[in-house]
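The chain contents come next:
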Amino acid sequence: MENINKIRNFCIIAHIDHGKSTLADRLLEKTQTIKITEGQMLDDMDLERERGITIKSHAIQMEYKANDGQTYILNLIDTPGHVDFSYEVSRSIAACEGALLVVDATQGVQAQTISNLYMAIEHDLEIIPVINKIDMPSAMPEEVEDEIVDLIGCKREEILRASGKTGEGVEDVLEAVVNRVPHPEGDNKAPLQALIFDSVFNSFRGIIAYFKIENGTIRKGDKVKFFNTGMEYDADEIGVLKMDMIARNELGTGEVGYIISGIKNATEVKVGDTITHVARPCEKAIAGFQEVKPMVFAGVYPIDPSDYENLRASLEKLQLNDASLTFMPESSVALGFGFRCGFLGLLHMEIIQERLDREFNMDVITTVPNVSYMVYDKQGGEKEVHNPSGLPDPTMIDHIEEPYIRATIITSCDYIGPIMKLCLDKRGELIKQEYVSGNRVELHFMLPLGEIVIDFYDKLKSISKGYASFDYHIDSFRPSDLVKLDILLNGEPVDALSTLTHRENAVAFGRRMCEKLKDLIPRQQFDIAIQAAIGAKIVARETIKQVRKDVTAKCYGGDVSRKRKLLEKQKKGKKRMKQIGNVEVPQKAFLAVLKLD
Ligand code: GTP
């Protein structure tokens, strides 16, 4: 068991690309935890690397001989950087006593950094500000220093400067962790109370849960209980995380470690849950536990109906290591049998889509994402609806509520106008506008989440030329005047194209949907009428004129092989099409709503 006075648990708070992984690698290198040859160590899924986002947090232990001659145990707990995973970030933060606030010297403070920073401050973490990338010619360390002083009210001398690239200042960072981050506190003799801050799936060993012991001691072989799920397990193996898992017989208060107990399904391990002993349980769970609830939903349908069972098996496998993914069977008149999947947010949805494609080779059609709605009927009943087509008869509905978010946008003053317009167009309400420093402004909005899942990020990025950072938290459900807009192809309603939209925008929205679908659905051998309807009332219409498409017409003569190639090509192009009535509809069309200008 380690001496609690020599333990330092800390995390790194940084905006994406501000150099968190690079700096972490330097810390590992300096403490000789790893010898870096190439690449970066903390991210291990290849998808993660491509996206440059740490999807799942990890933890790693270093031993550092400080200038005072003593050796310290430093546990670096990695935090995912994206808003979709904000609850996981909050649990990682709760396991630490200190945080490095890493800010890119060329970029300054960004929205995500601020919201994670506030979380850290709420948990009373000691904040060590570090200005990173000071080797870059465009670095503006003085300006960034001003921002940091404004933000956390620290003294200039407390702000470190470093470069993950050259290694400059890295030792100062380690010394600051030892000297400024307080050691954990707790009672080694009290009943066991350990916070699960993360879990990973290992195909050989099952689910591995990462925890930090707040009180008490755990030994290999102990009978343990997860407080919130009530499940009991044997601690088959416990240990600490270095470059590999190092098994230990005993871990004490303040230590960070892992437990393997034969769990096969990620849904059994809930981030934020408390591990205690069966024989001598703690009285209370560690505060702040929260079930993560998916907020964004979309239908996922196999292109080939016979792939339905394969799709189910793939989703089940994905769920083994991603407890926040939910799915249930649903059927659509247009698309047949599929699943309604729930995601934490848009990025999470993209990740799952990509994994289905890459790891399981599944060809799927995904419908437009929507949020979850609370529907209140006239009898006083309430129902959560995850799909516009599951809405009860409008005459039965008293009112509908939709989730609202509190959004923070940090940008340069030059873009306030267009950003304000975008957010107001999206039914947003400005709550606060604050000048951070120099030319930068922080805007706070209340916005319906449903408007964010549809083409918000892209628009924000393009109108701000990339100089706007965005972060959000779910705030509350609020009543909204929503109506269901249906799309009909040749008179047939296509349920997968229905959306819920605000009454005031519904007609204009229907018109744009019809125009967009006209562009996206290829001409066929008959006219196709595209109509938008609210209830029985048609509000917009477009027609796709017929064409007789003969791809081989261009080939004169009898070049058979060329002809065959063209036909094959056409066949391939058809792969992501779905036959609806007599109309062939490409995948793009189901996402038309995301591309409205
Ligand atoms: P995510 O994993 O996407 O959150 O990013 P991160 O914050 O971990 O950033 P990462 O360490 O991947 O660095 C982002 C980019 O900045 C990479 O191209 C790095 O090579 C570069 N970089 C990181 N630190 C420094 C530095 O101190 N100086 C310079 N010049 N470049 C750096």
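The structure presented is a predicted model; accordingly, all values stated were derived computationally and were not measured.

**Description of the overall build of the protein**
Along the backbone of the protein there are 14 helices and 34 strands. Across the 597 residues that make up the protein, the buried fraction comes to 55%.

**Observations concerning the UniProt feature "binding site: GTP" (unreviewed entry) in the protein**
The feature "binding site: GTP" (unreviewed entry), as annotated in UniProt, sits at Asp17, His18, Gly19, Lys20, Ser21, Thr22, Asn132, Lys133, Ile134 and Asp135 in this numbering. By secondary structure assignment, the location of Asp17 is in the loop between β1 (7-14) and α1 (20-30). Residue Asp17 is classed as exposed on the basis of its relative accessible area of 61%. Once residues lying within four places of it in the same chain are set aside, the contact partners of Asp17 are Asp104 and Lys133. Within the element layout of this structure, Thr22 appears in helix α1.

**So, the environment of Ser332**
Summarising the element assignment, Ser332 is placed in strand β18 (residues 326-332). The buried category is assigned to Ser332, whose relative accessible area is 8%. Put simply, Ser332 and Tyr301 are 31 residues apart on the chain and 9.1 Å apart in space, counted from C-alpha to C-alpha. Look past the residues within four positions of Ser332 in its chain and what remains in contact with it is Tyr301, Asp495 and Ala496. Of the polar contacts made by the side chain of Ser332, one reaches the side chain of Asp495; its length is 2.7 Å.

**A few points about helix α4 (residues 111-122)**
Helix length check: α4 (12 residues) gives 17 Å between terminal C-alpha atoms against 16 Å at 1.5 Å per residue, within 8%. With respect to burial, α4 is a largely interior element, nine of its 12 residues being buried. Among the residues of α4, Ala111, Gln112, Thr113, Ile114, Ser115, Asn116, Leu117, Met119 and Ala120 are the ones counted as buried. Asp124 sits one or two positions beyond α4 and adopts a positive phi of about 60°.

Calculation notes
Residues numbered from 1 in each chain as written. Predicted model: local features only at pLDDT ≥ 70, side-chain atom pairs only at ≥ 80, totals over all residues. Heavy atoms only, no water. Helix = DSSP H or I, 4+ residues; strand = E, 2+ residues; numbered from the N terminus. Buried < 20%, exposed > 50% of the residue type's maximum accessible area, 1.4 Å probe, protein only. UniProt positions renumbered as here; feature names shortened; annotations may be inferred. Contact = heavy atoms within 4.5 Å. Polar contact = N/O pair within 3.5 Å; in protein donor to acceptor, adjacent residues only side chain to side chain. Expected span 1.5 Å × (residues − 1).

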